[in-house]
Amino acid sequence: MIISEQHDLILDNFSTYAYYVAEHKAIVCVAKKEFIVRADFEALFLAVGEAAKKHLAEKIVFDKRNMHVFDQSAMTWYYTEWKTKLLNEIGLKKHRKLLPEDKLFRKSVAIGRERIAREHGFDFSLFDVRYYELLEEALEN
């Protein structure tokens, strides 16, 4: 998707970029690299959190299709701190994910979610998380 004047660019750093799509009340986060360094990951989601509050976004779409590996500690922060904060502050619970075709990456995501639930008591059922193959589907649903 090309960012146009209908989209509000939120952040663009070495590893990621994000923009707001008013038509869908959604923020789209895109991984540009195979791995997002922790500082870029946190900068991305801190900026996205502020933009979500500003626009009262109803959905976050995280396009990870360019990724091959991820930082487990960043994933823990994302779920236990960042997602929880936005749920509590603005009721944001719709999260859409686009994963790479890589079966190992997809398995690592599942294992990471299980670990976070077990070690941190994180309740994934509070969120509406869905996985899609195409950005258009993620925005529409």
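Located above this text is the structure these notes cover.
Residues numbered from 1 in each chain as written. Predicted model: local features only at pLDDT ≥ 70, side-chain atom pairs only at ≥ 80, totals over all residues. Heavy atoms only, no water.

A description of the side chain of Thr76 should follow, citing residues and the corresponding values.
Its location among the elements puts Thr76 in helix H2 (residues 72-90). Not counting the four nearest positions on each side in its chain, Thr76 is found in contact with Glu81, Arg115, Ile116 and His120. (Helix = DSSP H or I, 4+ residues; strand = E, 2+ residues; numbered from the N terminus. Contact = heavy atoms within 4.5 Å.)

Outline the sheet that holds strand E1 (residues 7-12), listing residues and values.
Backbone hydrogen bonds hold the strands of a sheet together, and the pairing may be parallel or antiparallel. Spatially, six strands are ordered E1-E2-E3-E4-E5-E6 in an open sheet, and the strand pairing comes out mixed. A single partner strand is all that each edge strand has here, and the edge strands are E1 and strand E6 (128-132). Strand-to-strand twist across the sheet, computed as the mean angle between neighbouring axes with direction ignored, equals 20°. Relative to strand E3 (residues 26-31), strand E2 (residues 16-21) is paired through six bridges, and the arrangement is antiparallel. (Pairing = 2+ DSSP bridges. Axes fitted to C-alpha atoms, helices over the stretch in contact; angles between N-to-C directions.)

Mind laying out the packing of aromatic side chains, listing which residues take part and the relevant values?
Evaluated as defined, the whole model comprises 16 aromatic pairs. With 6.3 Å between their ring centres and 55° between their planes, Phe62 and Tyr78 make a pair best called tilted. Of the two residues, Phe62 is situated in strand E4 (residues 59-63) and Tyr78 in helix H2; the sequence distance between them amounts to 16 residues. Judged on exposure class, the residue Phe62 and its partner Tyr78 are both buried. Seen in terms of ring centroids, Tyr78 and Tyr79 are 5.0 Å apart; in terms of plane orientation they differ by 80°. Their pairing is edge-to-face. An identical accessibility class is assigned to Tyr78 and Tyr79; each is buried. These aromatic residues form a ring-pair network of at least three members: Phe41, Phe45, Phe62, Trp77, Tyr78, Tyr79, Trp82, Phe122, Phe124 and Phe127. In this arrangement the basic side chain of Lys33 is found over the ring face of Phe14, its NZ or CZ atom lying 4.6 Å from the centre. Above the face of the Phe127 ring, Lys83 is positioned so that its terminal group lies 5.4 Å from the ring centre. (Phe/Tyr/Trp six-rings, centres within 6.5 Å; stacked < 30°, edge-to-face > 60°. Buried < 20%, exposed > 50% of the residue type's maximum accessible area, 1.4 Å probe, protein only. Lys NZ or Arg CZ within 6 Å of the ring centre and 35° of its normal.)

So what's going on with the environment of Arg130? Which residues, and what values?
Position of Arg130 among the secondary structure elements: in strand E6. Residue Arg130 is classed as partly exposed on the basis of its relative accessible area, which comes to 37%. In this structure, the C-alpha to C-alpha distance between Arg130 and Arg106, residues 24 residues apart in sequence, is 13 Å. When near neighbours in sequence (up to four residues on either side) are disregarded, Arg130 contacts His95, Arg96, Lys97 and Asn141. Here the side chain of Arg130 touches Asp128 through a polar contact of 2.9 Å, side chain to side chain. (Polar contact = N/O pair within 3.5 Å; in protein donor to acceptor, adjacent residues only side chain to side chain.)

These results come straight from atomic positions and should not be treated as a statement about function.
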